[in-house]
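Structure at a glance
What follows is each chain in one-letter form.
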Amino acid sequence: LRRRALEMADLAGFTAAELEGYRRARDAIEQTREAVRAAEARGRREGLAAGRHEGVVQGKRDGLVEGDQKGRREAMRETLLMWIEERGVALSTDQRAQLEAEPRLDVLTRWARRAPRAESAAEILREPSSVSLLPPPPSSRRPRIPGDAV
């Protein structure tokens, strides 16, 4: 009620032409706001659609890469098993499980390179004790200073 009274007091000092101009300006502002809201909604919809499409494309790309890597690992396992069978090397259940569970292609490749000359599965599947999958601790890393001998 108070607000309405203040609005009427404000309007009382204006001429009819001024009030009409004020109403037109207010209507124009409201139309602009509606246009902005509609544009934002359209942009949001288009952005979501583009994002979904990009996600699908990225998902397919990631799937192809993962499929390629999985295929390479499987091929390396098959090659390794073929060499083990060809050499007549006995493979225990645990060793077969180790071979089947190994996810790293570089390790499978190392094993496959050893297989044609190996006398035992342990010789094929051994990993040097110096091989570490973790980076060295921060205290053992020294920053490289230009001019230092490597």
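As a starting point, this report considers the structure included with it. (Residues numbered from 1 in each chain as written. Predicted model: local features only at pLDDT ≥ 70, side-chain atom pairs only at ≥ 80, totals over all residues. Heavy atoms only, no water.)

1. Concerning the packing of helix 2 (residues 16–87) against helix 4 (residues 105–114)
Spelled out, the test is: For every element, the axis is a line fit to its C-alpha atoms; helices are fit only across the contacting stretch, and the angle between N-to-C directions ranges from 0 to 180 degrees. Helical segments are the DSSP runs of H or I of at least four residues, strand segments are the runs of E of at least two, and each set is numbered from the N terminus. Convention used here: angles under 35 degrees read as roughly parallel, angles over 145 as roughly antiparallel, angles from 65 to 115 as roughly perpendicular, and any remaining angle as oblique. The handedness criterion is simple: a crossing whose near helix is rotated anticlockwise from the far helix by less than a right angle is left-handed, and one whose near helix is rotated clockwise is right-handed. Pairs of residues are marked as contacts when any of their non-hydrogen atoms sit within 4.5 Å. Polarity classes work like this: nonpolar for Ala, Val, Leu, Ile, Met, Phe, Trp, Tyr, Cys and Pro, charged for Asp, Glu, Lys and Arg, and polar for all others, with Gly in that last group.
Interaxial distance between helix 2 and helix 4 falls to 9 Å at its minimum, and their mutual angle equals 20°. The angle between the axes of helix 2 and helix 4 places the two elements in the roughly parallel class. For helix 2 against helix 4, the interelement crossing comes out left-handed. Between helix 2 and helix 4, the residues in contact are Arg72, Arg73, Met76, Arg77 and Leu80 and Leu105, Leu108, Thr109, Trp111 and Ala112, respectively. The class makeup of the residues in the contact of helix 2 with helix 4 is six nonpolar, one polar and three charged.

2. A closer look at the nonpolar core
As a reminder, the rule being used: Side-chain atoms within 4.5 Å are what join buried Ala, Val, Leu, Ile, Met, Phe, Trp, Tyr and Cys residues into a set we call a nonpolar core. The rule is simple: take the accessible area with a 1.4 Å probe, protein chains only, and divide by the maximum for that residue type; under 20% is buried, over 50% is exposed, in between is partly exposed.
Membership of the largest hydrophobic core comes to 14 residues, with the highest contact counts inside it found for Leu80, Ile84, Leu99, Trp111, Ile124 and Leu125. Setting aside chain neighbours within four positions, we find tryptophan 111 in contact with Leu80, Gln98, Leu99, Glu102, Ile124, Leu125, Arg126 and Glu127.

3. A word on the side chain of arginine 77
Within the secondary structure layout, arginine 77 lies in helix 2. For arginine 77, a relative accessible area of 6% translates into the label buried.

4. Considerations on the pattern of salt bridges
In plain terms, the rule: Definition used for salt bridges: Asp or Glu carboxyl oxygen within 4 Å of a side-chain nitrogen of Lys or Arg.
Tallied over the entire structure, the rule returns nine salt bridges. Across the pair arginine 72 and aspartate 68 runs a salt bridge whose closest N-O atoms are separated by 3.1 Å. One end of the pair is arginine 72 and the other is aspartate 68, both in helix 2 and four residues apart, which spans about a single turn. With a relative accessible area of 41%, aspartate 68 lands in the partly exposed category. The partner of glutamate 127 in a salt bridge is arginine 110, and the shortest N-O contact between them spans 2.8 Å. With a gap of 17 residues between them, glutamate 127 in the segment after helix 5 (121–125) and arginine 110 in helix 4 connect regions that are remote in the sequence. For glutamate 127, a relative accessible area of 30% gives the class partly exposed. The network of salt bridges with common partners includes Asp106, Arg110 and Glu127.

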